[in-house]
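Residues per chain, in single letters:
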Amino acid sequence: MQQISAIVGLTWKAAFRYRLFWVIAALLLAAVIGLPILIKDDGTAEGFAQILITYTLGAVTGLLGLCTLWLACGTLARDVEECQIQMIAVKPIARWQIWLGKWLGLVSLNALLLGIAGLSIYGLLEYRAQRLPAVERDKLQNEVLVARASVKEENLDAYIEQATDREFKARQEKGKLADVDPTEMRKQIEQQVRAGIQIVPPDGIRPWVIKLGSAKDRLKDQPLFLRVKFNTSQNTTIPTTLDTAWQVGTPKKTAIWQDMLSLSPDSFHEFRIDPNLFDDQGNLVILFRNPNNMAILFPLADGMEVLYREGSFGMNFIRGLAIILCWMALLAALGLSAASFLSFPVAAFLSLALLGITLSSGTLSNVVSDGTIMGYNEEKGTKGHSALDNVAIPAFRGMLDVINLVQGFSPIDSLTAGRLITWQEMGLALAQIVLLLGGLLAVIGIFIFNRRELATAQGTQ
């Protein structure tokens with residue numbers, strides 16, 4: 001570890017010698033302080049959180065990510081190009097120790113900068129929160145500056161499959177499947193079963209049974225929040241808001257909470273319900289009645305969710321910053337791996353190109369789902385096809401699998417919504433982002449750096 005620590009120290013000295021540390025720190029603080037001044041919130045808890053968490057922390061992550069890539073490419077590539085690495089390589093130190101020392105130096109530098117930015121954001125949150133109206137401040141403390149866990153309805157896939165099988169067999173016995181594609185018919189039946197669960201007709205009722213499990217013991221006398229989203233099944237002109245009638249609780253077993261709320265479709269809504277509405281087994285019964293003259297659809301995936309307080313915002317914020325640090329560690333490994341065999345400009349270009357591909361994962365996902373890179377032909381009304389699809393689609397699918405290992409973690413969104421970032425989620429981020437992807441890049445970079453002939457590397461003359 002003595003050799004690695006020496007390389008870590010040299011990386012830090014280089015950052016301070018070239019004033020890079022102070023420049024990045026100044027940029028981060030400017031983003032933290034400047035964005036809330038330039039962009040005014042609307043005075044609500046949601047607008048406050050959007051500015052001070054989403055925009056500010058997003059800007060910090062973007063700045064730190066670009067600086068990490070630039071420094072990772074430069075710290076190794078320039079040492080090779082300027083023949084400084086030869087002075088280190090002739091000493092009793094392995095090349096893998098040089099590579100690992102530079103990576104640890106970059107990660108520790110990021111940790112310090114991210115800590116400074118995080119403390120600034122947290123302090124600004126606490127200070128600015130005192131200037132909100134009392135109602136919005138209470139909402140902020142209960143819905144945003146908190147770590148909330150969530151519970152949804154049990155997965156209904158097994159029920160849907162069983163109901164589909166029963167209906168399919170019934171139609172088969174009645175001879176209704178003659179001259180019909182069985183696969184297509186089964187798909188249509190499944191869609192009908194799903195629609196029957198999701199759609200609430202006019203004056204119809206949709207029940208949910210949310211099982212809180214062991215959490216019921218610590219949720220006594222604690223308020224719960226319902227997070228709902230619904231759509232309408234009509235393409236005609238839809239009112240801005242629709243009346244929704246709710247009842248939570250089990251008659252003769254628990255207290256009952258009822259209310260009539262006016263909510264807009266195609267949007268997420270959160271509202272608070274009274275405490276102690278679940279029964280002794282921890283089952284929370286929710287009933288929705290549709291008083292409108294049009295059907296309403298609650299998606300199975302995100303139509304209904306129960307949120308409750310699980311921890312403090314401070315620890316949640318720290319776990320979120322830890323996941324962002326995992327992203328920075330991956331970017332440092334990417335930059336160092338590229339610089340292991342490329343010059344500084346080419347390594348920076350390659351790293352930024354790969355980062356751009358990651359950010360355009362939506363386009364890749366659309367191509368994979370369409371099964372072609374040719375897109376949709378509007379004149380013919382069909383999807384185009386190319387011989388390249390046989391190569392491009394599997395390649396894009398593999399790239400998406402790798403990208404999803406990183407993009408599956410969204411600490412900024414969770415912090416803005418007051419969602420709990422669990423220790424398990426943080427550990428999984430460490431395993432997938434740093435150990436798996438970062439480790440793979442490290443193995444590639446160290447292997448190439450070990451085989452590179454440093455004596456042939458010359459500075460620009």
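Residues numbered from 1 in each chain as written. Predicted model: local features only at pLDDT ≥ 70, side-chain atom pairs only at ≥ 80, totals over all residues. Heavy atoms only, no water.

Per the secondary structure count, the protein chain includes 14 helices and 13 strands. The contacts in the protein chain between residues at least 6 apart in sequence include a share of 80% that link residues at least 24 apart. Taken as a whole, the protein chain presents about 24200 Å² of accessible surface, with 59% of it coming from carbon and sulfur. (Helix = DSSP H or I, 4+ residues; strand = E, 2+ residues; numbered from the N terminus. Contact = heavy atoms within 4.5 Å. Areas by Shrake-Rupley, 256 points an atom, 1.4 Å probe, with all protein chains shown as cover.)

A few words now on the sheet that holds strand β6 (residues 242-248). The strand order across the open sheet built from four strands is β3-β9-β6-β7, with neighbouring strands paired in antiparallel fashion. Lying at the two open borders of the sheet, with one neighbouring strand each, are β3 (205-211) and β7 (257-263). Each adjacent strand pair in this sheet contributes to an overall mean axis angle of 20°, direction not counted. Note that β6 and strand β9 (residues 283-289) share four bridges and pair antiparallel. Opposite Ala 245, over in β9, you have Arg 289 as the bridge partner. (Pairing = 2+ DSSP bridges. Axes fitted to C-alpha atoms, helices over the stretch in contact; angles between N-to-C directions.)

So, on to the pairing of strand β11 (residues 304-311). When strand β1 (residues 147-151) meets β11, the two strands line up antiparallel, connected through five bridges. Paired with Val 151 across the two strands is Val 306, which belongs to β11. When strand β4 (residues 224-228) meets β11, the two strands line up antiparallel, connected through four bridges. Bridge pairing links Phe 225 to Leu 307 in β11.

Here we take up the sheet that holds strand β2 (residues 199-200). Where strands meet in a sheet, backbone hydrogen bonds hold them as pairs that are either parallel or antiparallel. Strand order in the open sheet formed by three strands is β2-β10-β5, and the pairing between neighbours is antiparallel. Of all the strands in the sheet, just β2 and β5 (231-232) have a single pairing partner and so form its edges.

A few words now on the pattern of salt bridges. In this structure the tally under the stated criterion is twelve salt bridges. The partner of Asp 203 in a salt bridge is Arg 289, and the shortest N-O contact between them spans 3.3 Å. Of this pair, Asp 203 sits in the loop between β2 and β3 while Arg 289 sits in strand β9, and the two are 86 residues apart along the sequence. In this structure, the salt-bridge partner of Glu 305 is Arg 419, at a minimum N-O distance of 2.9 Å. A residue pair is termed long-range when its members are at least 10 positions apart, and Glu 305 in strand β11 and Arg 419 in the loop between α13 (411-416) and α14 (423-451) qualify at 114 residues. For the pair Glu 305 and Arg 419, a shared accessibility class is recorded, and that class is buried. Counted as one network, the salt bridges with shared partners bring together Arg 148, Arg 227, Glu 270, Glu 305 and Arg 419. (Salt bridge = Lys/Arg side-chain N within 4 Å of Asp/Glu carboxyl O. Buried < 20%, exposed > 50% of the residue type's maximum accessible area, 1.4 Å probe, protein only.)

Next up on the list: the nonpolar core. Among the nonpolar cores identified, the biggest contains 77 residues, and Trp 99 and Trp 103 are the most heavily contacted of them. Leaving out residues up to four positions away in the same chain, Trp 103 has contacts with Ala 329, Ala 332, Ala 333, Leu 336 and Val 434. Counting 31 residues, the second largest nonpolar core, distinct from the first, contains Trp 208, Ile 210, Trp 246 and Leu 261. (Core = buried A, V, L, I, M, F, W, Y, C linked by side-chain atoms within 4.5 Å.)

Another point: the side chain of Asp 279. Positionally, Asp 279 belongs in the loop between β8 (269-273) and β9. Despite its burial, Asp 279 pairs with no opposite charge; the closest candidate is Lys 253, at 5.2 Å N-O. Only 3.0 Å separates the side chain of Asp 279 from the backbone nitrogen of Gln 281, close enough to count as a polar contact. (Lys, Arg positive; Asp, Glu negative; His and termini not counted. Polar contact = N/O pair within 3.5 Å; in protein donor to acceptor, adjacent residues only side chain to side chain.)

So, about the environment of Leu 69. Mapped onto the elements, Leu 69 comes out in helix α3 (residues 45-81). A residue is classified by how much of its surface remains accessible, and Leu 69, at 3% relative accessible area, is buried. Residues Leu 69 and Ala 338 lie 269 residues apart in sequence; the distance between their C-alpha atoms is 10.0 Å. In this structure, Leu 69 is in contact with Leu 331, Leu 334, Gly 335, Ser 351, Leu 352 and Leu 355, ignoring residues within four places of it in sequence.

Across the two faces of β8 the burial differs, with His 269, Phe 271 and Ile 273 buried and Glu 270 and Arg 272 not buried at all. Bridging between β4 and β8 involves five bridges; their strand directions are antiparallel. When the bridges of β8 are listed, Phe 225 appears paired with Arg 272.

Our focus in this paragraph is the packing of aromatic side chains. Scanning the model with the defined rule gives twelve aromatic pairs in all. Taking the centre distance of 6.1 Å and the plane angle of 40° together, the rings of Tyr 122 and Phe 317 count as tilted. Placement of the pair is Tyr 122 in helix α5 (residues 95-129) and Phe 317 in helix α9 (residues 313-339), with a sequence separation of 195 residues. Among the aromatic residues, those joined into a cluster by ring pairs are Trp 208, Phe 230, Trp 246, Trp 257, Phe 271, Phe 288 and Phe 298. (Phe/Tyr/Trp six-rings, centres within 6.5 Å; stacked < 30°, edge-to-face > 60°.)

Our next topic: the side chain of Thr 61. Within the secondary structure, Thr 61 sits in helix α3. Residue Thr 61 is classed as buried on the basis of its relative accessible area, which comes to 12%. A polar contact is formed between the side chain of Thr 61 and the backbone oxygen of Leu 57, at a distance of 2.8 Å. If we ignore the near neighbours within four places in the chain, the residues touching Thr 61 are Ile 324, Trp 327, Met 328 and Ile 412.

Quick look at α9 now. Helix length check: α9, at 27 residues, gives a terminal C-alpha distance of 39 Å against a target of 39 Å (1.5 Å per residue), a fit within 8%. In terms of burial, α9 is largely enclosed, as 22 of its 27 residues are buried. (Expected span 1.5 Å × (residues − 1).)

In this section: the packing of helix α7 (residues 157-173) against helix α8 (residues 182-198). Geometrically, a packed helix pair is captured by the angle between its two axes and the distance between the axes. For the pair α7 and α8, the least separation of the axes is 9 Å and the interaxial angle reads 125°. Our classification of the angle between α7 and α8 gives oblique. Seen from above, α7 lies across α8 with right-handed handedness. Contacts between α7 and α8 involve Asp 157, Tyr 159, Ile 160, Glu 161, Ala 163, Thr 164, Asp 165, Glu 167, Phe 168 and Arg 171 from the first element and Pro 182, Met 185, Arg 186, Ile 189, Glu 190, Gln 192, Val 193, Arg 194 and Ile 197 from the second. (Parallel < 35°, antiparallel > 145°, perpendicular 65-115°, else oblique. Left-handed = near helix turned anticlockwise from the far one by under 90°.)

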